[in-house]
Amino acid sequence: MIKLFSLKQQKKDGESSPKVNNQKKATAAQLRITKDINELNLPKTCNTEFPDPDDLLSFKLIICPDEGFYRTGRFVFSFKVGPNYPHEPPKVKCETQVYHPNIDQQGNVCLNILREDWKPVLTINSIVYGLQYLFLEPNPEDPLNKEAAEVLTTNRRLFEQNVQKAIRGGYVGGTYFDRCLK
């Protein structure tokens, strides 16, 4: 028989207090991102880098498309996973300046699952495949770079030339793009 009152009294008196564990408990976001990363199934055109191996909440994704307009490029995205993950999507920025209808000059990415269509059941894998798809099928219907979207809609050949010019390094319109060949 357990003597509840004597256990309560011991706690009050400070007797037999449990040992304090100085290790920090993992947050829900850390537990979930660990699970997502362990289950990551990257296509051969993608790679991840973790600048700080102890910080899984901040990492880079490198996409090197092997087909489409962007097939010769190398594009780096930074991921910042917040404390409310998976209830809020990670912040994703394109660090490589790119001529793309769905990525603006500040690196913001227009991908529905990073905004209004995010659901906690989605994973980092979902975002990777969404970003990869943007390079295979740029979407001029929902642009961040309206000029690139307009060129894609009206003159696909000129769009392809502009993409290749930007990837090799050079000016497209009044904007200079750094070389980002793989």
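## Quick word on unusual backbone geometry
The step from tyrosine 85 to proline 86 runs through a cis peptide bond, and the omega angle for that step is 10°. By secondary structure assignment, the location of proline 86 is in the loop between β3 (75-80) and β4 (91-94).

## Quick word on the packing of aromatic side chains
Here the structure, examined in full by the defined rule, presents 11 aromatic pairs. When the centroid spacing of 4.5 Å and the interplanar angle of 20° are considered together, the rings of phenylalanine 75 and phenylalanine 135 count as stacked. Of the two residues, phenylalanine 75 sits in strand β3 while phenylalanine 135 sits in helix α3 (residues 124-136), which places them 60 residues apart along the sequence. Comparing phenylalanine 75 with phenylalanine 135, the two get one shared label, buried. Joined through ring pairs, the aromatic side chains of Phe69, Tyr99, Phe159 and Phe177 make up one cluster.

## Quick notes on the pairing of strand β2 (residues 58-63)
Most of β2 sits inside the fold, with 5 of its 6 residues counted as buried. Taken together, the 4 bridges between strand β1 (residues 46-49) and β2 define a ladder with antiparallel strand orientation. Across the sheet, the residue bridging to threonine 48 is leucine 61, located in β2. Relative to β3, β2 runs antiparallel, the two being bridged by 6 bridges. Each bridged residue has a counterpart across the sheet, and for leucine 61 the counterpart in β3 is phenylalanine 77.

## A look at the pattern of salt bridges
Within the structure shown, the criterion is met by 6 salt bridges. Salt-bridge contacts for glutamate 39 lead to lysine 35; the nearest nitrogen and oxygen are separated by 3.3 Å. Look at lysine 35 and you get partly exposed, because its relative accessible area is 46%. For glutamate 95, the salt bridge is made with lysine 60, and the minimal N-O distance between the two is 2.7 Å. Pair noted here: glutamate 95 is in the loop between β4 and α3 and lysine 60 is in strand β2, with a separation of 35 residues, a long-range link. Under the relative-accessibility criterion, glutamate 95 is labelled partly exposed at 44%.

## Some points on the nonpolar core
If you look at the biggest cluster of nonpolar residues, it comprises 43 residues, and the most contacted ones within it are Phe77 and Leu131. Among the secondary structure elements, those contributing two or more residues to this core are α2 (28-38), β2, β3, β4, α3, α4 (146-154) and α5 (156-168). Among the elements that line this core, the one with the most residues is α3, at 6 residues. Setting aside its immediate chain neighbours within four residues, phenylalanine 77 contacts Phe59, Lys60, Leu61, Ile63, Val92, Lys93, Cys94, Glu95, Ile103, Val109, Leu131 and Phe135.

Conventions we followed
Residues numbered from 1 in each chain as written. Predicted model: local features only at pLDDT ≥ 70, side-chain atom pairs only at ≥ 80, totals over all residues. Heavy atoms only, no water. Helix = DSSP H or I, 4+ residues; strand = E, 2+ residues; numbered from the N terminus. Phe/Tyr/Trp six-rings, centres within 6.5 Å; stacked < 30°, edge-to-face > 60°. Buried < 20%, exposed > 50% of the residue type's maximum accessible area, 1.4 Å probe, protein only. Pairing = 2+ DSSP bridges. Salt bridge = Lys/Arg side-chain N within 4 Å of Asp/Glu carboxyl O. Core = buried A, V, L, I, M, F, W, Y, C linked by side-chain atoms within 4.5 Å. Contact = heavy atoms within 4.5 Å.

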